[in-house]
Amino acid sequence: MMERRTQNENNPPENIPFNDEDSIFSSNLFLDGDGEVILTQTSDRLSWKSVESVLNGQDPSSCFGIELVSKSETTLCFSDVYSAEFIDWGLVHEAAFLGQSFEMYRFTIRGVQKSKTQPSVLVPSFYTFGHKDSQTCQMWVNRINDLLNMNAERPKNLLVFVNPKSGKGLGCKVWETVAPTFSQAKVKMKVTVTERAGQAIDMMSSITSRELSSYDGVVAVGGDGFFNEILNGLLLSRHKCSYPPSPTELNHPVENNDDGHVLDTNVDIRDPSDSGEDESPLLKKSTDLRTGDDSCQTEAEDVDFSFPNDKFRFGLIPAGSTDAIVICTTGARDAMTSALQIILGKAVCLDIAQVVRWKKTSTSKDEPCVRYAASFAGYGFYGDVITESEKYRWMGPKRYDYAGTKVFLRHRSYEAEVAYLEVESEKKNVGPEKESTGSWTKGLWSLLKKSERVACRANCNICKTKAGHTSAKCPYSKDSRWLKSKGRFLSVGAAVISCRNEKAPDGLVADAHLSDGFLHLILIKECPHACYLCHLLQLAKKDGNPLDFEFVEHHKTPAFTFTSFGKESIWNVDGELFQAHQLSAQVFRGLINLFASGPEA
């Protein structure tokens, strides 16, 4: 039994039996719009019941057969609460139809609940309680905030970059919509509204490790390309790793079979452990990226800040043209949902691809240049669309539709050679049944492959399973087996995640995961216009099969190399242009942590 005080002498008696053995604290309070309730705090949640229902053991939600507001027990987990605030003296209204109101001291509890119509969307909710005694209200506020402050996963201090030109130019407006929620959650923020392209990458690459360590994370308000700027600004100077092998390092001649696949290779590649960190200025620990000079670490820079980093997280609030990263990691293209997941300290690991350009053109000398990608790197069709769309920036997001149509009608193909690392689990997909061109066999194989798809969802078991290789080392050795595909391609693409967006509801690869340590290499061979149109239509279709065509190769791999021949396209790396004649790429499993919970089913 626990004693509870009532705030109104006309209300029921003070001593009300309560049998919850886990209860820590409870009081009689008035809930605005509901009436008198018993508010109870346990170790992990708040709950409240109508005083009337507790005394009478009845459901007071009906009167003369008319349904009123439900007064069944309401529960709010602390994991869904982000603030409690004292709001002084004022009116508290009783339940509907009763019309009574009382003046008393009040406090508000703010939390999060799922949208009733869209399970992936989060909406803020708040509850205002009242009591005649201000100390009682303040005591509840203090208790709740003390418990919230004990959660080390919640960010206390964030670095925020806002791109005012992202998407339809609504970056600032989107930020103004969600900023009050961060303030209510008592999150300190240093906000920068960028004034030029490349400003974010410059600021992140030049920030000191000591200053960076004072933040719990960095948040981008913009699109995938803007997020890529911030990602590269941090990783280029702080991720220490070996390069993937260049195409020329796969130096033993190989023989192709009729399908363009290598049957036997013995590849001599550099072992990651044999490679020093000073092979490139980008990898030198003592390089000052602002001046390019080598210098000893100063006393102000004695804080080690490198990746992977379990404490530092990235956040992305969507304000771009496609926002594929947000859709894949939260399940919704909704700014408030992303903001609330950041405030609540949600976290998922995200694979990151490292793309190394060895030669910019066929006549260039070897000079490695590194870029990182969180969603996709594509050549041919994907690069041509971005290049063409740059001419029509004034059109906003519609420029991609217009540019895509023009590039599709041109139907250009490019000659290239792609080598990719074979994965043991993929060997079962190569055999007589797969190679057969019989329609019934191919159709059966497609159905079997589709039935094996395991889509990435919140608390995904695949993403939570640790891989044999770490995010600090390359996922291959001297005994690795590489396969090659050479010919003319309409596009060469490497998806890190599914790349779901509003135009491709299942993404490029429906069963790609956020953190499984694989790239999905998609090679679209030269084919008739109509065939390529069928592929694109399947991409735009829910539960489509865009990869089940004879002219489409799909390989799950942790690394690949690329060399172009003849007329060249340009690479599209997370929406940013990247010219490369010869490059290689590798994926690092769970290299960064993102403020997100994973997509809901």
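Residues numbered from 1 in each chain as written. Predicted model: local features only at pLDDT ≥ 70, side-chain atom pairs only at ≥ 80, totals over all residues. Heavy atoms only, no water.

Where an unreviewed UniProt entry is consulted, the protein appears under the name DAGKc domain-containing protein, with the organism given as Solanum stoloniferum.

Student: Give me the lowdown on the overall build of the protein, citing residues and values where you can.
Tutor: In terms of helices and strands, the protein carries 14 helices and 26 strands. Per-residue burial over the protein gives 52% buried out of 601 residues. Pairs at least 24 apart in sequence give 73% of the contacts found in the protein among residues at least 6 apart. Accessible area of the protein: about 28,000 Å², with a carbon and sulfur share of 50%. (Helix = DSSP H or I, 4+ residues; strand = E, 2+ residues; numbered from the N terminus. Buried < 20%, exposed > 50% of the residue type's maximum accessible area, 1.4 Å probe, protein only. Contact = heavy atoms within 4.5 Å. Areas by Shrake-Rupley, 256 points an atom, 1.4 Å probe, with all protein chains shown as cover.)

Student: For the packing of aromatic side chains, give the residues involved together with the corresponding values.
Tutor: Taken as a whole, this structure holds 26 aromatic pairs when the rule is applied. With a centroid separation of 5.9 Å and 90° between ring planes, the pair formed by Phe312 and Phe314 is classed as edge-to-face. Note on Phe312: relative accessible area 2%, which makes it buried. Aromatic rings pair up to connect Phe227, Phe305, Phe307, Phe312 and Phe314 into one cluster. When the ring centre of Phe126 is taken as origin, the NZ or CZ atom of Arg110, which lies over that ring, is 5.8 Å away. Sitting over the ring of Phe565, Lys486 keeps its end group 5.0 Å from the ring centre. (Phe/Tyr/Trp six-rings, centres within 6.5 Å; stacked < 30°, edge-to-face > 60°. Lys NZ or Arg CZ within 6 Å of the ring centre and 35° of its normal.)

Student: Lay out the confidence of the model for the protein with the relevant residues and their values.
Tutor: Mean pLDDT over the protein stands at 79; residues scoring 70 or higher make up 75%. The secondary-structure element of the protein with the lowest mean pLDDT is strand β1 (residues 2-3), recorded at 36, while strand β12 (residues 157-162) shows the highest, at 97. Counted against residues more than four places away or in other chains, residues 1-22, with its pLDDT under 50, gives 53 contacts. Every residue in residues 252-301 is under pLDDT 50, and counting partners more than four places away or in other chains gives 83 contacts. (pLDDT = per-residue confidence, 0-100.)

Student: Tell me about the packing of helix α4 (residues 199-206) against helix α6 (residues 224-238), and name the residues and values.
Tutor: Direction vectors running N to C along α4 and α6 enclose 25°, while the axes themselves pass 8 Å from each other. Relative to α6, the element α4 is oriented roughly parallel. Like other packed secondary-structure pairs, α4 and α6 cross with a definite hand, here right-handed. Seen from α4, the contacting residues are Gln199, Ala200, Ile201, Met204 and Ser205; seen from α6, they are Phe226, Glu229, Ile230, Asn232, Gly233, Leu234, Ser237 and Arg238. Split into classes, the residues belonging to the contact of α4 with α6 amount to six nonpolar, five polar and two charged. (Axes fitted to C-alpha atoms, helices over the stretch in contact; angles between N-to-C directions. Parallel < 35°, antiparallel > 145°, perpendicular 65-115°, else oblique. Left-handed = near helix turned anticlockwise from the far one by under 90°. Nonpolar A, V, L, I, M, F, W, Y, C, P; charged D, E, K, R; others polar.)

Student: Explain the pattern of salt bridges to me, and be specific about the residues and the numbers.
Tutor: Taken as a whole and judged by the stated rule, the model has 14 salt bridges. For Lys391, the salt bridge goes to Glu388, with nearest N and O atoms at 3.3 Å. With relative accessibility at 53%, the residue Lys391 sits in the exposed group. When its relative accessible area of 3% is taken as the criterion, Glu388 is described as buried. Put simply, Glu553 and Lys525 hold a salt bridge, and the shortest N to O gap is 3.2 Å. With Glu553 in strand β22 (residues 552-557) and Lys525 in strand β21 (residues 519-525), the pair connects residues that are 28 residues apart, well separated along the chain. Several salt bridges converge on common partners, so that one network encompasses Glu388, Lys391, Lys406 and Arg410. (Salt bridge = Lys/Arg side-chain N within 4 Å of Asp/Glu carboxyl O.)

Student: An account of the side chain of Ser584 is requested, with residue identities and associated values reported.
Tutor: Following the sequence through the fold, Ser584 ends up in strand β26 (residues 582-594). Here Ser584 falls in the buried class, since its relative accessible area comes to 0%.

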